[in-house]
Amino acid sequence: MTTINKQWRLKARPVGEPSAETWDYTEKEIPTITDGQLLIRIDYISIDPAMRGWLNDAKSYIAPVQIGEVMRAGTVGEVIESKHEKFAVGDYVAGHDGVQSYAVSDGTGLHKVDPSLAPLSYYLGVLGMPGMTGYFGLLKTGQPKAGETVVVSGAAGAVGSLVGQIAKIKGCRVVGIAGGSDKCKFLVDELGFDATIDYKNEDVKKALKKTCPNGVDVYFDNVGGDILNDVLTQINLRARIVICGAISQYNNTEAVKGPSNYLSLLVNRARMEGIVVFDNIKEYPIAMKEIAGWIQSGDIKVKDHIVEGIETFPETLMMLFNGENFGKLVLKVEG
C-alpha cells in the first residue's frame, strides 16, 4: 500500500472554465486517525457537473468549496483502519470525501455499500447521487403518466440516461437530446429511447416538432440555454419542466442566459420546478432498492465512463463540459 495521499485542492476560484490555475496538487503522508475516526482508501471518485457550481463563492443549496480545501466530490472506497464503533476494517463506504486517495472520517455522511451486489462505481452513479437525482426528479417533480411524451437533455449522461429508462418503464414515449451520432444510436439501440435529437448536427427546434408530434408533457432539463428555450415552444397544457442542471451555462463569463420563451409556461399553465437531490435523502433507500431491482430485471442498463489516475482530475472534469463523457463519468484513483 502506498503511503502517499494525493490531493487536489482549490487554489483560486475560476472565472469561466476551470484551468490549471484553479487547482493545487499535493502529495502528503497518509493521515493518522484518533478515537471515533476511520481511514478510507478511496477507490473511485464521482465527477459531476454540480462540482462547477461548488467552486463559486455564491449562495446556493450547499456551501462553496473554500480556497485551500480538498475539492468536494462523491467517493467510494474501503475502510483500511478504524477506531469507530460502526465501521470495521474491510467495510466499503460511500460518501463525499473529496478528490484525494485517502480520507479520514468521523462517519458523518457515510453509508456502507456492498461490492458483491453491484460494481463499486455504480454507487457513484446509478445507485448514487446521479441515480437519486434522476429518480426523484422525474417521478416526484416530473410526475410522468403512461402515454405522455418525455424529453430529456444530456440524455447520454449519468442522470439523463436513467431518466429516459425510468420514463420508458412508466409507459412514456421518450425523446433524448444528446451530442453525436454514437450517443444517439446508443440511446435508441441499447437503452430503448423512442427517438433522439443530435444537438450538434440538427436544428433542435425543428427536430422537436418531428420527434414530438403530440408536443412535450415532461421536459427533464440538464443543459439550460438554447435547448431549454426551444423545448418551451413545444410544451403541452399542464406540462412539467424539471430543472436539474444547466451545464451549458456553468462556465459563462457573462450573465446566465434565461429562457426568452418563458411565457409559454403561462399560456400552457405549465410548471417549471427545480430539483435538488438532497431534499429527498430520507427516501434514498427506497429509490436504491427499486433501481437495483430494475437493473437486476434488465429494465435498466448502466454505462460508466471510467478514467484512470487521480492525477488526471482537472482534464477529466473538463470532459463533462466538452461533452466527451459517454455515461456516468468516474475517476479511478489508481490507474
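Here is what the cut-offs are and how they apply
Residues numbered from 1 in each chain as written. Predicted model: local features only at pLDDT ≥ 70, side-chain atom pairs only at ≥ 80, totals over all residues. Heavy atoms only, no water. Helix = DSSP H or I, 4+ residues; strand = E, 2+ residues; numbered from the N terminus. Rg over C-alpha atoms; globule rule 2.2 N^0.38 Å. Buried < 20%, exposed > 50% of the residue type's maximum accessible area, 1.4 Å probe, protein only. Contact = heavy atoms within 4.5 Å. Areas by Shrake-Rupley, 256 points an atom, 1.4 Å probe, with all protein chains shown as cover. 1 Å grid on protein atoms, 1.4 Å probe; cavity = no way out; pocket = protein on both sides within 12 Å on 5 of 7 lines; lining within 4 Å. Points joined across faces, edges and corners; volume = space filled by probe spheres on them. Nonpolar A, V, L, I, M, F, W, Y, C, P; charged D, E, K, R; others polar. Core = buried A, V, L, I, M, F, W, Y, C linked by side-chain atoms within 4.5 Å. Pairing = 2+ DSSP bridges. Axes fitted to C-alpha atoms, helices over the stretch in contact; angles between N-to-C directions. Phe/Tyr/Trp six-rings, centres within 6.5 Å; stacked < 30°, edge-to-face > 60°. Lys NZ or Arg CZ within 6 Å of the ring centre and 35° of its normal. Salt bridge = Lys/Arg side-chain N within 4 Å of Asp/Glu carboxyl O.

1. Section: the overall build of the protein chain
At step 1: Helices and strands together make up the secondary structure of the protein chain, namely 9 helices and 15 strands.
At step 2: Computed over its C-alpha atoms, the radius of gyration of the protein chain comes to 20 Å, within 12% of the 20 Å expected for a compact globule of 335 residues.
At step 3: By principal-axis analysis of the C-alpha atoms, the protein chain measures approximately 60 × 45 × 35 Å.
At step 4: Within the protein chain, the fraction of its 335 residues that count as buried is 54%.
At step 5: Sequence-distant contacts, at least 24 apart, represent 66% of the contacts inside the protein chain between residues at least 6 apart.
At step 6: Accessible area for the protein chain stands at about 15200 Å²; split by element, carbon and sulfur atoms hold 51% of it.

2. Observations concerning the layout of surface pockets
At step 1: Roughly 640 Å³ of volume is contained in the second largest pocket.
At step 2: Lining of the second largest pocket is provided by 28 residues; of these, A94, G95, H96, G109 and H111 occupy positions nearest its centre.
At step 3: Of all the elements in the fold, those that place two or more residues in the lining of the second largest pocket are β5 (92-95), α2 (129-142) and α8 (284-297).
At step 4: If you tally residues by element for the lining of the second largest pocket, the top one is α8, at 3 residues.
At step 5: The residue inventory of the lining of the second largest pocket, partitioned by class, reads 14 nonpolar, 10 polar and 4 charged.

3. Some words on the nonpolar core
Taken as a class, soluble globular proteins show a tendency for nonpolar side chains to be buried jointly.
At step 1: L127, M132, L138, L187 and I291 are the most contacted members of the largest nonpolar core, which has 45 residues in total.
At step 2: Taken together, the elements giving at least two residues each to this core come down to α2, β8 (149-153), α3 (158-169), β9 (173-178), α4 (181-189), β11 (216-221) and α8.
At step 3: The residues touching L187, leaving out its near neighbours within four places in the chain, are A155, A156, A178, G192, F193 and T196.

4. Here's the deal with the side chain of T22
At step 1: Structurally, T22 can be placed in the loop between β1 (4-10) and β2 (23-29).
At step 2: The exposure class assigned to T22 is buried, which follows from its relative accessible area of 2%.
At step 3: The contact partners of T22, leaving out residues within four places of it in the chain, are R9, L10, K11, A12 and P14.

5. A closer look at the sheet that holds strand β12 (residues 235-243)
The strands making up a sheet associate through backbone hydrogen bonding, with each pair oriented either parallel or antiparallel.
At step 1: Read from one edge to the other, the open sheet built from 6 strands follows the order β10-β9-β8-β11-β12-β13, with strand pairing classed as parallel. Only two strands of the sheet have a single neighbouring strand rather than two, namely β10 (195-198) and β13 (271-274). With direction set aside, neighbouring strand axes in the sheet form an average angle of 15°.
At step 2: As defined by bridge partners, β11 adjoins β12 across 5 bridges and the pair is classed as parallel. Bridge pairing in β12 links Y219 to I241.

6. Digging into the packing of aromatic side chains
At step 1: Within the structure shown, the criterion is met by 8 aromatic pairs.
At step 2: With a centroid separation of 4.9 Å and an interplanar angle of 50°, the aromatic rings of W8 and Y25 are classed as tilted. Of this pair, W8 sits in strand β1 while Y25 sits in strand β2, and the two are 17 residues apart along the sequence.
At step 3: The partly exposed category is assigned to Y25, whose relative accessible area is 27%.
At step 4: A centroid spacing of 6.3 Å and a plane angle of 40° characterise the contact between Y135 and W294, whose relative ring orientation is tilted. Taken together, the residues Y135 in helix α2 and W294 in helix α8 connect sequence positions 159 residues apart. Side by side, Y135 and W294 carry an identical accessibility label, which is buried.
At step 5: Put simply, the rings of W8, W23, Y25 and F313 pair up and form one aromatic cluster.
At step 6: A cation over an aromatic ring shows up here: R72 above the ring of W54, its NZ or CZ 5.2 Å from the ring centre.
At step 7: Across the ring face of F186, the terminal group of K303 is positioned such that the distance to the ring centre comes to 5.6 Å.

7. Describing the pattern of salt bridges
Close approach of charged atoms lets side chains of opposite charge pair.
At step 1: In this structure the tally under the stated criterion is 11 salt bridges.
At step 2: Where E78 meets R41, a salt bridge forms, and the shortest distance between an N and an O atom there is 3.0 Å. On the criterion of sequence distance, the pair formed by E78 in strand β4 (residues 75-82) and R41 in strand β3 (residues 38-46) is long-range, its members being 37 residues apart.
At step 3: The exposure class assigned to E78 is buried, which follows from its relative accessible area of 18%.
At step 4: The salt bridge partner of K112 is D91, with a shortest N-O separation of 3.5 Å. Of this pair, K112 sits in strand β7 (residues 111-113) while D91 sits in the loop between β4 and β5, placing them 21 residues apart in sequence.
At step 5: By sharing partners, the salt bridges in this structure join R41, D43 and E78 into a single network.

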